[in-house]
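Working through the structure, step by step
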Amino acid sequence: MGKILVTGGAGYIGSHTAVELLNSGREIVIIDNFSNSKPIVLENIKKITNKDFKFYELDYLDREKLEKVFEENKIEAVLNFAGFKAVGESVTKPLEYYYNNVSGCLVLLDTMKKYGVKKFVFSSSATIYGIQKSTKYVEKMKRGIPTSPYASTKIMIEQILEDLYKADNSWKIAILRYFNPVGAHESGLIGENPKGIPNNLMPFIQKVAIKELKELTIFGDDYNTPDGTCRRDYLHVVDLSIGHIKALEKLESSENGVYIYNLGTGTPISVLELVNTFIKVNNIDVPYKIGKRRDGDLDEFYAEPKKAKEELNWVATKTLEDMCRDSWNYIASKKD
Ligand code: NAD
Ligand code: UDP
(Lines give C-alpha, C1' and ligand atoms only; values in the text may rest on other atoms or scores of the structure.)
(Ligands and ions follow the chains in the order given, each with its own letter.)
Protein backbone atom coordinates (compact mmCIF):
# COMPACT_ATOMS: atom_id res chain seq x y z
CA MET A 1 0.00 0.00 0.00
CA GLY A 2 1.21 3.49 -0.85
CA LYS A 3 1.43 6.47 1.44
CA ILE A 4 -1.22 9.08 2.17
CA LEU A 5 -0.12 12.63 1.46
CA VAL A 6 -1.52 15.11 3.97
CA THR A 7 -1.21 18.71 2.81
CA GLY A 8 -1.46 21.28 5.60
CA GLY A 9 -0.82 18.43 8.05
CA ALA A 10 0.69 20.71 10.68
CA GLY A 11 -2.58 22.64 10.91
CA TYR A 12 -5.52 22.14 13.23
CA ILE A 13 -7.58 19.52 11.39
CA GLY A 14 -4.68 18.07 9.38
CA SER A 15 -2.68 17.27 12.52
CA HIS A 16 -5.58 15.46 14.19
CA THR A 17 -6.23 13.52 10.98
CA ALA A 18 -2.54 12.64 10.75
CA VAL A 19 -2.83 11.11 14.23
CA GLU A 20 -5.85 9.03 13.22
CA LEU A 21 -4.18 7.92 9.98
CA LEU A 22 -1.04 6.80 11.83
CA ASN A 23 -3.12 5.10 14.52
CA SER A 24 -5.01 3.19 11.86
CA GLY A 25 -1.71 1.85 10.51
CA ARG A 26 -1.29 4.10 7.48
CA GLU A 27 1.98 5.49 6.28
CA ILE A 28 1.81 9.22 5.73
CA VAL A 29 3.78 12.11 4.29
CA ILE A 30 3.03 15.63 5.50
CA ILE A 31 3.68 18.86 3.65
CA ASP A 32 3.16 22.31 5.14
CA ASN A 33 4.65 25.78 4.76
CA PHE A 34 3.85 26.76 8.37
CA SER A 35 1.95 29.82 7.21
CA ASN A 36 -0.56 29.07 9.97
CA SER A 37 1.13 26.44 12.13
CA LYS A 38 4.34 25.55 13.95
CA PRO A 39 6.91 22.76 13.53
CA ILE A 40 6.35 21.59 17.13
CA VAL A 41 3.00 20.15 16.00
CA LEU A 42 4.89 17.51 14.01
CA GLU A 43 6.82 16.45 17.10
CA ASN A 44 3.57 16.25 19.03
CA ILE A 45 1.95 14.05 16.38
CA LYS A 46 4.92 11.69 16.80
CA LYS A 47 4.62 11.80 20.60
CA ILE A 48 0.92 10.94 20.53
CA THR A 49 1.24 8.09 18.04
CA ASN A 50 4.75 6.91 18.72
CA LYS A 51 5.12 6.71 14.95
CA ASP A 52 7.30 8.48 12.43
CA PHE A 53 6.60 10.03 9.04
CA LYS A 54 8.28 12.06 6.34
CA PHE A 55 7.80 15.80 6.31
CA TYR A 56 8.50 18.38 3.62
CA GLU A 57 8.41 22.10 4.38
CA LEU A 58 7.03 23.53 1.18
CA ASP A 59 4.37 25.68 -0.38
CA TYR A 60 2.03 23.45 -2.37
CA LEU A 61 2.04 26.10 -5.10
CA ASP A 62 5.69 25.27 -5.69
CA ARG A 63 5.25 22.68 -8.42
CA GLU A 64 8.89 21.65 -8.57
CA LYS A 65 9.13 20.89 -4.86
CA LEU A 66 5.75 19.21 -4.88
CA GLU A 67 6.79 16.94 -7.73
CA LYS A 68 9.79 15.88 -5.68
CA VAL A 69 7.42 14.60 -2.99
CA PHE A 70 5.65 12.42 -5.57
CA GLU A 71 9.01 11.32 -7.04
CA GLU A 72 10.37 10.28 -3.64
CA ASN A 73 7.27 8.60 -2.24
CA LYS A 74 4.72 6.18 -3.56
CA ILE A 75 1.65 8.30 -2.91
CA GLU A 76 -1.67 6.52 -3.07
CA ALA A 77 -4.11 9.25 -2.02
CA VAL A 78 -4.09 12.89 -1.03
CA LEU A 79 -5.96 14.59 1.81
CA ASN A 80 -5.88 18.32 1.14
CA PHE A 81 -6.07 20.53 4.24
CA ALA A 82 -3.70 23.25 2.99
CA GLY A 83 -5.32 26.63 2.48
CA PHE A 84 -6.33 29.84 4.19
CA LYS A 85 -9.50 29.74 6.25
CA ALA A 86 -10.31 33.09 7.88
CA VAL A 87 -13.60 34.31 6.45
CA GLY A 88 -13.10 37.97 7.48
CA GLU A 89 -9.52 38.11 6.23
CA SER A 90 -10.62 36.71 2.87
CA VAL A 91 -12.76 39.81 2.35
CA THR A 92 -9.73 42.09 2.69
CA LYS A 93 -7.26 39.75 0.92
CA PRO A 94 -9.27 38.11 -1.88
CA LEU A 95 -6.32 37.61 -4.22
CA GLU A 96 -4.28 35.85 -1.55
CA TYR A 97 -7.23 33.56 -0.82
CA TYR A 98 -8.00 32.71 -4.43
CA TYR A 99 -4.32 32.19 -5.15
CA ASN A 100 -3.53 30.00 -2.18
CA ASN A 101 -6.75 28.00 -2.06
CA VAL A 102 -7.76 27.68 -5.70
CA SER A 103 -4.44 27.94 -7.56
CA GLY A 104 -2.76 25.79 -4.91
CA CYS A 105 -5.37 23.10 -5.29
CA LEU A 106 -5.01 23.22 -9.09
CA VAL A 107 -1.24 22.72 -8.86
CA LEU A 108 -1.82 19.84 -6.49
CA LEU A 109 -4.43 18.15 -8.71
CA ASP A 110 -2.31 18.63 -11.79
CA THR A 111 0.68 17.09 -10.03
CA MET A 112 -1.46 14.18 -8.87
CA LYS A 113 -2.60 13.67 -12.46
CA LYS A 114 1.00 13.66 -13.67
CA TYR A 115 1.91 10.93 -11.19
CA GLY A 116 -1.29 8.94 -11.71
CA VAL A 117 -2.56 9.51 -8.17
CA LYS A 118 -6.32 9.82 -8.37
CA LYS A 119 -7.76 9.51 -4.90
CA PHE A 120 -8.47 12.90 -3.36
CA VAL A 121 -10.20 14.05 -0.18
CA PHE A 122 -11.07 17.72 -0.01
CA SER A 123 -11.80 19.87 3.07
CA SER A 124 -14.91 21.74 2.11
CA SER A 125 -17.25 23.62 4.37
CA ALA A 126 -20.89 24.19 5.27
CA THR A 127 -20.32 27.72 3.99
CA ILE A 128 -20.84 26.44 0.42
CA TYR A 129 -24.58 26.15 1.13
CA GLY A 130 -24.86 29.94 1.35
CA ILE A 131 -28.36 30.91 2.45
CA GLN A 132 -30.97 28.19 2.03
CA LYS A 133 -34.67 27.95 2.80
CA SER A 134 -34.03 25.26 5.39
CA THR A 135 -31.39 25.65 8.09
CA LYS A 136 -30.75 21.90 8.04
CA TYR A 137 -28.32 21.42 5.19
CA VAL A 138 -28.56 18.29 3.05
CA GLU A 139 -25.93 17.30 0.48
CA LYS A 140 -28.41 17.31 -2.37
CA MET A 141 -29.09 21.06 -1.93
CA LYS A 142 -27.47 23.21 -4.58
CA ARG A 143 -24.39 25.19 -3.64
CA GLY A 144 -25.53 28.67 -2.62
CA ILE A 145 -24.37 32.18 -3.33
CA PRO A 146 -20.99 32.70 -1.68
CA THR A 147 -20.97 35.05 1.30
CA SER A 148 -17.18 35.70 1.21
CA PRO A 149 -14.15 35.08 -1.02
CA TYR A 150 -13.33 32.18 1.33
CA ALA A 151 -16.72 30.62 0.58
CA SER A 152 -16.13 31.25 -3.13
CA THR A 153 -12.87 29.32 -3.02
CA LYS A 154 -14.67 26.28 -1.57
CA ILE A 155 -17.49 26.52 -4.10
CA MET A 156 -15.00 26.88 -6.97
CA ILE A 157 -12.92 23.90 -5.87
CA GLU A 158 -16.02 21.71 -5.49
CA GLN A 159 -16.97 22.67 -9.04
CA ILE A 160 -13.44 22.03 -10.31
CA LEU A 161 -13.50 18.57 -8.75
CA GLU A 162 -16.82 17.72 -10.36
CA ASP A 163 -15.58 18.96 -13.75
CA LEU A 164 -12.39 16.99 -13.34
CA TYR A 165 -14.31 13.80 -12.74
CA LYS A 166 -16.58 14.48 -15.71
CA ALA A 167 -13.53 14.81 -17.94
CA ASP A 168 -11.68 11.83 -16.51
CA ASN A 169 -13.77 9.28 -14.66
CA SER A 170 -10.78 7.41 -13.29
CA TRP A 171 -10.78 9.74 -10.24
CA LYS A 172 -12.16 8.93 -6.81
CA ILE A 173 -12.97 12.15 -4.98
CA ALA A 174 -14.49 12.80 -1.57
CA ILE A 175 -15.75 16.27 -0.74
CA LEU A 176 -16.24 16.63 3.00
CA ARG A 177 -18.32 19.57 4.14
CA TYR A 178 -17.32 20.35 7.69
CA PHE A 179 -19.64 22.18 10.04
CA ASN A 180 -18.00 23.84 13.09
CA PRO A 181 -14.96 21.84 14.27
CA VAL A 182 -13.89 22.52 17.86
CA GLY A 183 -12.04 20.69 20.63
CA ALA A 184 -8.61 19.15 20.67
CA HIS A 185 -6.85 15.83 21.05
CA GLU A 186 -7.41 14.48 24.56
CA SER A 187 -3.64 14.41 25.17
CA GLY A 188 -3.66 18.23 25.11
CA LEU A 189 -0.67 18.10 22.75
CA ILE A 190 -2.39 19.34 19.61
CA GLY A 191 -5.32 21.69 19.15
CA GLU A 192 -6.24 25.09 17.79
CA ASN A 193 -4.45 28.24 18.92
CA PRO A 194 -4.81 30.98 16.31
CA LYS A 195 -2.45 33.93 16.23
CA GLY A 196 -3.89 37.28 17.37
CA ILE A 197 -7.51 37.86 18.25
CA PRO A 198 -9.57 34.85 17.17
CA ASN A 199 -12.58 35.22 14.90
CA ASN A 200 -14.20 31.93 15.80
CA LEU A 201 -16.19 31.34 18.93
CA MET A 202 -14.33 28.48 20.66
CA PRO A 203 -10.81 29.93 20.24
CA PHE A 204 -12.17 33.22 21.63
CA ILE A 205 -13.68 31.46 24.65
CA GLN A 206 -10.36 29.66 25.21
CA LYS A 207 -8.44 32.94 25.23
CA VAL A 208 -10.88 34.52 27.68
CA ALA A 209 -10.67 31.43 29.90
CA ILE A 210 -6.86 31.71 30.13
CA LYS A 211 -7.27 35.46 30.71
CA GLU A 212 -5.48 36.48 27.54
CA LEU A 213 -8.64 38.34 26.57
CA LYS A 214 -10.94 40.12 28.99
CA GLU A 215 -14.39 39.03 27.91
CA LEU A 216 -16.35 37.39 25.15
CA THR A 217 -18.84 39.43 23.18
CA ILE A 218 -21.81 37.37 22.08
CA PHE A 219 -22.82 38.75 18.73
CA GLY A 220 -26.53 39.34 19.22
CA ASP A 221 -29.28 37.68 21.25
CA ASP A 222 -32.22 38.65 19.10
CA TYR A 223 -31.98 35.89 16.51
CA ASN A 224 -34.85 33.60 15.66
CA THR A 225 -33.62 30.76 17.92
CA PRO A 226 -34.82 29.45 21.31
CA ASP A 227 -32.46 31.63 23.41
CA GLY A 228 -31.92 34.34 20.79
CA THR A 229 -28.25 33.52 20.12
CA CYS A 230 -27.14 31.88 16.87
CA ARG A 231 -27.06 28.12 16.62
CA ARG A 232 -24.35 26.09 14.87
CA ASP A 233 -23.38 22.45 14.53
CA TYR A 234 -20.19 22.11 16.62
CA LEU A 235 -18.33 18.85 16.20
CA HIS A 236 -15.24 17.44 17.89
CA VAL A 237 -12.13 17.62 15.72
CA VAL A 238 -11.29 13.98 16.51
CA ASP A 239 -14.69 12.86 15.23
CA LEU A 240 -14.07 14.96 12.14
CA SER A 241 -10.66 13.36 11.65
CA ILE A 242 -12.13 9.89 11.91
CA GLY A 243 -14.58 10.97 9.19
CA HIS A 244 -11.57 11.36 6.89
CA ILE A 245 -10.40 7.82 7.55
CA LYS A 246 -13.89 6.56 6.73
CA ALA A 247 -13.98 8.68 3.55
CA LEU A 248 -10.64 7.29 2.47
CA GLU A 249 -11.87 3.74 3.08
CA LYS A 250 -15.00 4.55 1.11
CA LEU A 251 -12.92 5.68 -1.87
CA GLU A 252 -10.81 2.56 -1.64
CA SER A 253 -13.82 0.26 -1.65
CA SER A 254 -16.08 2.08 -4.09
CA GLU A 255 -16.38 2.77 -7.76
CA ASN A 256 -14.80 5.88 -9.21
CA GLY A 257 -16.85 9.01 -8.59
CA VAL A 258 -17.35 12.18 -6.57
CA TYR A 259 -18.73 11.49 -3.10
CA ILE A 260 -20.05 14.38 -1.03
CA TYR A 261 -20.68 14.21 2.72
CA ASN A 262 -21.68 16.60 5.48
CA LEU A 263 -19.65 16.02 8.61
CA GLY A 264 -21.57 17.37 11.58
CA THR A 265 -23.52 16.10 14.60
CA GLY A 266 -26.91 17.16 13.29
CA THR A 267 -27.63 19.01 16.55
CA PRO A 268 -27.67 22.81 16.63
CA ILE A 269 -26.11 24.39 19.72
CA SER A 270 -26.49 28.06 20.64
CA VAL A 271 -23.66 30.41 21.55
CA LEU A 272 -25.03 30.66 25.10
CA GLU A 273 -25.29 26.87 25.42
CA LEU A 274 -21.68 26.48 24.31
CA VAL A 275 -20.32 29.15 26.65
CA ASN A 276 -22.32 27.89 29.62
CA THR A 277 -21.26 24.29 29.01
CA PHE A 278 -17.62 25.41 28.82
CA ILE A 279 -18.00 27.25 32.16
CA LYS A 280 -19.73 24.31 33.84
CA VAL A 281 -17.57 21.46 32.57
CA ASN A 282 -14.30 23.21 33.28
CA ASN A 283 -15.45 25.03 36.40
CA ILE A 284 -13.89 28.21 35.11
CA ASP A 285 -15.10 31.74 34.62
CA VAL A 286 -15.69 33.06 31.09
CA PRO A 287 -16.99 36.63 31.40
CA TYR A 288 -19.25 37.58 28.52
CA LYS A 289 -21.53 40.38 27.40
CA ILE A 290 -24.17 40.61 24.73
CA GLY A 291 -23.12 42.81 21.83
CA LYS A 292 -24.35 43.74 18.41
CA ARG A 293 -24.95 41.23 15.62
CA ARG A 294 -21.97 40.39 13.43
CA ASP A 295 -22.48 41.14 9.75
CA GLY A 296 -23.47 38.13 7.68
CA ASP A 297 -24.31 35.73 10.54
CA LEU A 298 -27.23 33.39 9.93
CA ASP A 299 -29.68 32.53 12.73
CA GLU A 300 -28.76 28.89 12.56
CA PHE A 301 -27.53 26.09 10.35
CA TYR A 302 -26.66 22.49 11.00
CA ALA A 303 -25.94 19.26 9.19
CA GLU A 304 -28.20 16.50 8.06
CA PRO A 305 -25.54 13.83 8.76
CA LYS A 306 -27.59 10.83 7.55
CA LYS A 307 -25.63 10.25 4.35
CA ALA A 308 -22.30 9.96 6.19
CA LYS A 309 -23.91 7.51 8.61
CA GLU A 310 -25.40 5.36 5.89
CA GLU A 311 -22.52 5.38 3.42
CA LEU A 312 -19.44 5.89 5.61
CA ASN A 313 -20.71 4.32 8.80
CA TRP A 314 -19.61 7.55 10.48
CA VAL A 315 -21.35 9.37 13.30
CA ALA A 316 -19.99 12.00 15.66
CA THR A 317 -19.66 10.30 19.03
CA LYS A 318 -18.15 12.99 21.22
CA THR A 319 -20.40 15.22 23.32
CA LEU A 320 -20.50 18.98 23.75
CA GLU A 321 -18.93 18.38 27.17
CA ASP A 322 -16.02 16.52 25.53
CA MET A 323 -15.52 19.41 23.10
CA CYS A 324 -15.44 21.97 25.93
CA ARG A 325 -13.24 19.87 28.21
CA ASP A 326 -10.68 19.07 25.51
CA SER A 327 -10.57 22.68 24.29
CA TRP A 328 -9.75 23.84 27.81
CA ASN A 329 -7.32 21.02 28.49
CA TYR A 330 -5.34 21.97 25.37
CA ILE A 331 -5.22 25.71 25.95
CA ALA A 332 -4.52 25.41 29.68
CA SER A 333 -1.54 23.12 29.11
CA LYS A 334 -0.06 24.97 26.14
CA LYS A 335 3.59 25.81 26.53
CA ASP A 336 4.72 27.26 23.21
P1 NAD B 1 -5.21 25.50 9.58
O2 NAD B 1 -4.89 26.89 9.13
O3 NAD B 1 -5.01 25.17 11.01
O4 NAD B 1 -4.42 24.44 8.70
C5 NAD B 1 -4.06 24.67 7.37
C6 NAD B 1 -2.60 24.30 7.23
O7 NAD B 1 -2.23 24.49 5.87
C8 NAD B 1 -1.67 25.17 8.07
O9 NAD B 1 -0.76 24.36 8.77
C10 NAD B 1 -0.94 26.04 7.05
O11 NAD B 1 0.36 26.37 7.46
C12 NAD B 1 -0.97 25.14 5.81
N13 NAD B 1 -0.92 25.86 4.54
C14 NAD B 1 -1.65 26.93 4.15
N15 NAD B 1 -1.30 27.30 2.92
C16 NAD B 1 -0.34 26.44 2.49
C17 NAD B 1 0.41 26.31 1.30
N18 NAD B 1 0.26 27.17 0.30
N19 NAD B 1 1.31 25.30 1.21
C20 NAD B 1 1.48 24.44 2.23
N21 NAD B 1 0.81 24.52 3.39
C22 NAD B 1 -0.10 25.51 3.52
O23 NAD B 1 -6.72 25.23 9.15
P24 NAD B 1 -7.68 24.04 9.58
O25 NAD B 1 -8.71 24.56 10.51
O26 NAD B 1 -6.90 22.85 9.94
O27 NAD B 1 -8.44 23.81 8.19
C28 NAD B 1 -7.99 22.85 7.25
C29 NAD B 1 -8.88 22.90 6.03
O30 NAD B 1 -10.23 22.69 6.43
C31 NAD B 1 -8.86 24.25 5.30
O32 NAD B 1 -8.94 24.03 3.93
C33 NAD B 1 -10.13 24.91 5.79
O34 NAD B 1 -10.64 25.83 4.86
C35 NAD B 1 -11.06 23.72 5.94
N36 NAD B 1 -12.14 23.97 6.89
C37 NAD B 1 -11.87 24.37 8.16
C38 NAD B 1 -12.91 24.65 9.05
C39 NAD B 1 -12.61 25.12 10.45
O40 NAD B 1 -13.53 25.63 11.09
N41 NAD B 1 -11.41 24.95 10.98
C42 NAD B 1 -14.23 24.50 8.63
C43 NAD B 1 -14.48 24.08 7.32
C44 NAD B 1 -13.43 23.81 6.45
N1 UDP C 1 -19.60 34.37 17.95
C2 UDP C 1 -19.76 35.24 19.01
N3 UDP C 1 -18.64 35.87 19.50
C4 UDP C 1 -17.41 35.71 18.98
C5 UDP C 1 -17.25 34.80 17.90
C6 UDP C 1 -18.38 34.16 17.40
O7 UDP C 1 -20.86 35.42 19.51
O8 UDP C 1 -16.46 36.33 19.46
C9 UDP C 1 -20.78 33.66 17.41
C10 UDP C 1 -21.06 33.98 15.96
O11 UDP C 1 -21.91 35.09 15.86
C12 UDP C 1 -21.75 32.71 15.48
C13 UDP C 1 -21.15 31.62 16.37
O14 UDP C 1 -20.53 32.29 17.46
O15 UDP C 1 -23.12 32.78 15.76
C16 UDP C 1 -20.11 30.79 15.64
O17 UDP C 1 -19.17 31.66 15.03
P18 UDP C 1 -17.87 31.15 14.29
O19 UDP C 1 -17.22 32.34 13.69
O20 UDP C 1 -17.08 30.32 15.24
O21 UDP C 1 -18.45 30.16 13.19
P22 UDP C 1 -19.38 30.44 11.90
O23 UDP C 1 -20.11 31.71 12.13
O24 UDP C 1 -18.42 30.51 10.78
O25 UDP C 1 -20.28 29.29 11.82
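Look a little higher up for the structure.
The following refers to the structure shown. (Residues numbered from 1 in each chain as written. Chains lettered and ligands numbered in written order. Predicted model: local features only at pLDDT ≥ 70, side-chain atom pairs only at ≥ 80, totals over all residues. Heavy atoms only, no water.)

Considering the overall build of the protein chain
The condition is simple: By the criteria applied, helices consist of DSSP H or I runs no shorter than four residues and strands consist of E runs no shorter than two, each listed in order from the N terminus. For the radius of gyration, the atoms used are the C-alpha atoms, and the globule rule reads 2.2 Å times the number of residues raised to 0.38. Exposed residues in this analysis have more than 50% of their type's maximum accessible area, buried residues have under 20%, and partly exposed residues fall in between, with area computed by a 1.4 Å probe over protein chains only. We call two residues contacting when some pair of their heavy atoms lies within 4.5 Å.
Of the regular secondary structure elements, the protein chain holds eleven helices and 15 strands. The C-alpha radius of gyration computed for the protein chain amounts to 19 Å, which stays within 12% of the reference 20 Å derived for 336 residues, consistent with globular compactness. In terms of its C-alpha atoms, the protein chain occupies a principal-axis envelope of roughly 55 × 45 × 40 Å. Taken across its 336 residues, the protein chain has 55% of its residues classed as buried. In the protein chain, 79% of the contacts between residues at least 6 apart in sequence involve partners at least 24 apart.

Remarks on the nonpolar core
Threshold: Grouping buried Ala, Val, Leu, Ile, Met, Phe, Trp, Tyr and Cys residues that are joined through side-chain atoms within 4.5 Å yields what is termed a nonpolar core.
Grouped together as the largest cluster of nonpolar side chains are 46 residues, with contacts concentrated most on L21, I28, I30, I45, L176 and F179. Here this core takes seven residues from helix α8 (residues 237-253), the largest share from any one element. Leave out the neighbours within four places in its chain, and I28 touches I4, V6, A18, L21, L22, F53 and K54. The next biggest cluster of nonpolar side chains, apart from the first, holds 28 residues, and it includes V107, F120, I173 and I260.

Focus on the site of ligand 1
Here is the rule: Nearness is defined per residue: one heavy atom within 4 Å of the molecule or strand is enough. What qualifies as a polar contact is a pair of N or O atoms within 3.5 Å, subject to a donor-acceptor requirement within protein and to the restriction that residues adjacent in sequence count only when both atoms come from side chains. Only the protein chains shown count as covering a residue, and every accessible area follows the Shrake-Rupley method with a 1.4 Å probe. All amino acids are sorted into three groups, where Ala, Val, Leu, Ile, Met, Phe, Trp, Tyr, Cys and Pro are nonpolar, Asp, Glu, Lys and Arg are charged, and the leftover types, Gly among them, are polar.
In the vicinity of ligand 1 there are 26 residues, among which D32, N36, S37, N100 and Y150 approach most closely. Interatomic distance of 2.7 Å between a side-chain N/O atom of S37 and an oxygen atom of ligand 1. One nitrogen or oxygen atom from the side chain of K154 is found 3.0 Å from an oxygen atom belonging to ligand 1. Protein burial of ligand 1: of its 820 Å² of free accessible surface, 95% is covered by the chains. Within the residue set of the shell around ligand 1, elements represented by two or more residues are α1 (12-23), β5 (119-125) and α6 (149-167). The residue inventory of the shell around ligand 1, partitioned by class, reads eleven nonpolar, eleven polar and four charged.

Considering the pairing of strand β4 (residues 75-80)
This is how it is decided: We treat two strands as partners when DSSP finds at least two bridges between them.
Counting buried residues along β4, six of its six residues qualify, which places the element largely inside the surrounding structure. Here five bridges tie strand β1 (residues 3-7) to β4, and the two strands are oriented parallel to one another. Across the sheet, V6 pairs through a bridge with L79, a residue of β4. Both β4 and β5 contribute to a ladder of three bridges, which runs parallel. Residue pairing in the sheet places L79 in a bridge with V121 of β5.

Structural notes on the side chain of E192
Secondary-structure assignment places E192 in the loop between β8 (180-182) and α7 (201-209). A distance of 2.8 Å separates a polar atom in the side chain of E192 from a polar atom in the side chain of K85. Ignoring sequence-local partners within four residues, the contact set of E192 consists of Y12, K85, P203, Q206, Y330 and I331.

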